[in-house]
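Residues per chain, in single letters:
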Amino acid sequence: TQQLGWIPPLDDSPTDPIVLGFSQLGSESNWRNANTLSIVDAAKESGITLIMENAEQSQEKQFEAIRSFIRKKVDVIAIAPVVQKGWEPILQEVKKAGIPVIVLDRSVNVDDGSLYVTFIGSDFYEEGVKAAKYMLDKMRHLPGPVTIAELEGTIGSTPSIDRGRGFRDTIKANSRFQITQILPANFTEVQGRAVMKAFLEKPREEWPQVLYSHNDDMALGAVEAIEEAGLTPGQDIIIISIDGTRRAVDSMIQGKINAVVECNPLLGPLLMQATKEIMTGRTLPKRMVPPEDIFTQETAAVEAQDRKY
Ligand code: GZL
């Protein structure tokens, strides 16, 4: 793993513009839209011709987009895979066509490491660990059992699998902390609100003291459901989320969300740099991880000024 940072500019770039085919997985969240914008802007900046297809959560549509990139004989293919499984066959087709692949944001489960050049994306397991460590610290003085509700992202996606694992591995030594309700809400605000509403339809004594949400959009939806139930989010229910979008940081300033673990969507420049490096025959590290932080109510006001998305 190479910590991402400044990569020296290239002295030699090919004469024709590089053509990059990018299969984006959807437009489910503010994070995703910021990710898309970052890629479009970075392509313009770097003079790379971007052909982007949005699969709207459908892996089948991602396969169709990738086949169209093969037919168009693009120079490089980038994929933000909606789920981890099922990528071997299509990646074998791309390999046969001799087109290099960059995996972006989420990961793929493949045994043959030669099927892609590099994976540029966050360490979601670490994000789950950070979320749990914040909660253990925040709730350390509370006597007795602490009940947790968990809103999962898209089932089978790397962020959802690893954010869940990182969180659970961190709390398992402390049996006081129990996840009593867990359901997927697909990273969207609408489903986050609906699932939180369902959690709160249980008898009052089963209501959770903590909500762990795999992303901000679901957390913001849950805030509405918590208020509709007559509770005060951020106080009656401690809320920990992941992404670091402006809306979540603003909600933290209002005291409704207690902590947000950063997940950096601005991967455009790194993707374009990696694309150029591949085209000039350089070797890239198999894994590149953007630096990330955690924001709390104490740091939210300062952070709000810096949020680009
Ligand atoms: C994480 C990304 C996730 C975000 C969600 O890198 O794949 O998908 O956390 C987005 O907001 O929908």
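These numbers come from a predicted model, not from an experiment.

Novice: I keep staring at the UniProt feature "domain: Periplasmic binding protein" (unreviewed entry) in the protein chain and nothing clicks. Help me out?
Specialist: With numbering matched to this structure, UniProt assigns "domain: Periplasmic binding protein" (unreviewed entry) to residues 26–281. Secondary structure content for residues 26–281 is 44% helix and 18% strand, and the end C-alpha separation is 31 Å.

Novice: Please explain the pattern of salt bridges as it appears in this structure.
Specialist: Should the charged atoms of two oppositely charged side chains come close, the side chains can pair. Applying the stated criterion across every chain, the model contains 18 salt bridges. When the shortest N-O distance is used, the salt bridge between Glu277 and Arg282 registers 3.6 Å. Given the relative accessible area of 9%, Glu277 is considered buried.

Novice: I keep staring at the site of the ligand and nothing clicks. Help me out?
Specialist: Around the ligand, the surrounding shell holds 13 residues, and the nearest of these are Glu28, Asp105, Arg106, Arg163 and Asp243. In this structure, an oxygen atom belonging to the ligand sits 2.8 Å away from a side-chain N or O atom of Ser29. Arg163 places a side-chain nitrogen or oxygen 2.8 Å from an oxygen atom of the ligand. Taking 320 Å² as the accessible area of the ligand by itself, protein coverage stands at 100%. Contributing elements (two or more residues each) for the shell around the ligand: helix H1 (30–46) and helix H5 (158–171). Grouping the constituent residues of the shell around the ligand by class yields five nonpolar, two polar and six charged.

Novice: In this structure, what is going on with the packing of aromatic side chains? I would like to understand it.
Specialist: Each pair of aromatic rings is reported with the distance of its centres and the angle of its planes. The tally for this structure, following the rule as stated, stands at two aromatic pairs. Note on Phe63 and Trp87: the rings are 5.2 Å apart at their centroids and 85 degrees apart in plane angle, and the pair reads as edge-to-face. With Phe63 in helix H2 (residues 59–71) and Trp87 in the loop between strand E4 (76–79) and helix H3 (88–96), the pair connects residues that are 24 residues apart, well separated along the chain. We note that Phe63, like Trp87, is buried. Aromatic side chains Phe167 and Tyr212 sit 4.0 Å apart centroid to centroid with 10 degrees between the ring planes, which places their arrangement in the stacked category. Residue Phe167 is located in helix H5, and its partner Tyr212 is located in strand E9 (residues 210–213); the two are separated by 45 residues in the primary sequence.

What counts and what doesn't
Sequence positions are assigned chain by chain, starting from 1 and proceeding in written order. Local features in this predicted model are restricted to residues whose pLDDT is 70 or higher, and side-chain atom pairs enter the listing and the counts only when it is 80 or higher, whereas totals over whole chains, interfaces and linings include all residues. As a convention, hydrogens and water are excluded, and side-chain values are obtained from all of the structure's heavy atoms. UniProt positions are given in the numbering used here, feature names are shortened, and annotations may be inferred rather than shown by experiment. Secondary structure elements follow DSSP: runs of H or I of four or more residues count as helices, runs of E of two or more count as strands, with numbering from the N terminus. Definition used for salt bridges: Asp or Glu carboxyl oxygen within 4 Å of a side-chain nitrogen of Lys or Arg. Categorising residues by exposure relies on relative accessible area from a 1.4 Å probe, with only protein chains included: less than 20% of the type maximum marks a residue as buried, more than 50% marks it as exposed, and the intermediate range marks it as partly exposed. Only heavy atoms are used to decide nearness, and a residue is near a molecule or strand if one of them lies within 4 Å of it. Within 3.5 Å is the distance limit for a polar contact, defined as a pair of N or O atoms, with the added protein rule that one can donate a hydrogen and the other accept it, and that residues adjacent in sequence qualify only through two side-chain atoms. Shrake-Rupley sampling with a 1.4 Å probe provides the accessible areas, and residues are treated as covered by the protein chains on show and by no other component. Amino acid classes used here: Ala, Val, Leu, Ile, Met, Phe, Trp, Tyr, Cys and Pro are nonpolar; Asp, Glu, Lys and Arg are charged; the rest, including Gly, are polar. Side-chain rings of Phe, Tyr and Trp, where Trp is taken by its six-membered ring, are said to pair if the distance between their centres is within 6.5 Å; with planes under 30 degrees apart they count as stacked, over 60 as edge-to-face, and otherwise as tilted.

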